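Analysis of the macromolecular model
Here's the letter readout for the chains.
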Amino acid sequence: MKTHKLRAFIFMALCCDLGLFAKKLIAPAANFITEFLHIPGGIATSFSLMFLIVASSIIRFFGCATLMAVVQSILALCFGMTGSMGILAPIGYIIPGIIIDVILFLFRKKEKDISLAIMIASILASVSACLTANMIVFRLTGIILLLYVFVSATSGSICAILANELVRRLKPIILSPKELS
């Protein structure tokens, strides 16, 4: 196996792990905000999805985020990190991964700079994660659901700013000079 492919796979695995464990690390602070608003969550999930976006923005093959989401969902099941969705948690991981892949794929065809794609992918992935959790578990309606979606979209946009900076700094380290051009 070539070293640049091995480096890409190691980076993807690292981002999968970081996504899961970073979610656990920021969950207390995120829960403080969401409990104040009386909504289920959405902030920690956006932070977790940020690592999928960073990896799929750098590695650049279609299906990268979905593959990583599948791995994350398997790891979450094995580690008992499924939250309120239980055995249906893989659905909540995989749907945002598909959204990320589709958005990044569509923007790569048109633009070389994918900053806007990262922002849109992060917002839509966060919203899709919250809507999936709502359909599976919470069954919120009306203003509370709207607030839940708004908080998820807002945290997705904040995490997109972080993701853009991480992509800018990590791309030269992860990719070979030939892949950068």
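Scope of this entry: the structure provided in the associated data block. Because the structure is predicted, anything quoted here is derived from the model rather than measured.

1. Description of the packing of helix 4 (residues 89-110) against helix 5 (residues 115-138)
With their axes 8 Å apart at the nearest point, helix 4 and helix 5 run at an angle of 155° to one another. Overall, the two elements helix 4 and helix 5 adopt an arrangement that is roughly antiparallel. The two elements helix 4 and helix 5 meet at a crossing, and its hand is right-handed. Here helix 4 contributes I91, G92, I95, P96, I99, I100, I103, L104 and F107 to the contact with helix 5, which in turn contributes L116, A117, I118, I120, A121, L124, A125, S128, A129, T132 and I136.

2. Considerations on the nonpolar core
Most often, soluble globular proteins have nonpolar side chains that are buried together. Counting residues in each nonpolar core, the largest one holds 36 residues, and the members touching the most others are F11, I58, I59, M68, I100 and I118. Among the secondary structure elements, those contributing two or more residues to this core are helix 1 (3-37), helix 2 (43-59), helix 3 (64-79), helix 4, helix 5 and helix 6 (142-174). Here this core takes 10 residues from helix 2, the largest share from any one element. Residues contacting F11, with those up to four places away along its chain left out, are V54, A55, I58, I59, L170 and I174. In terms of nonpolar packing, the next biggest core, distinct from the first, is built from 14 residues, A44, Y93, C130 and V151 among them.

3. Regarding the side chain of Q72
Mapped onto the fold, Q72 is located in helix 3. Here Q72 falls in the buried class, since its relative accessible area comes to 2%. For Q72, the side chain forms a polar contact with the main-chain oxygen of C16, separated by 3.1 Å. Once you skip the residues sitting within four places of it in the chain, Q72 turns out to touch C15, C16, G19, L20, S48, L52 and Y93.

Calculation criteria
Residues numbered from 1 in each chain as written. Predicted model: local features only at pLDDT ≥ 70, side-chain atom pairs only at ≥ 80, totals over all residues. Heavy atoms only, no water. Axes fitted to C-alpha atoms, helices over the stretch in contact; angles between N-to-C directions. Helix = DSSP H or I, 4+ residues; strand = E, 2+ residues; numbered from the N terminus. Parallel < 35°, antiparallel > 145°, perpendicular 65-115°, else oblique. Left-handed = near helix turned anticlockwise from the far one by under 90°. Contact = heavy atoms within 4.5 Å. Core = buried A, V, L, I, M, F, W, Y, C linked by side-chain atoms within 4.5 Å. Buried < 20%, exposed > 50% of the residue type's maximum accessible area, 1.4 Å probe, protein only. Polar contact = N/O pair within 3.5 Å; in protein donor to acceptor, adjacent residues only side chain to side chain.

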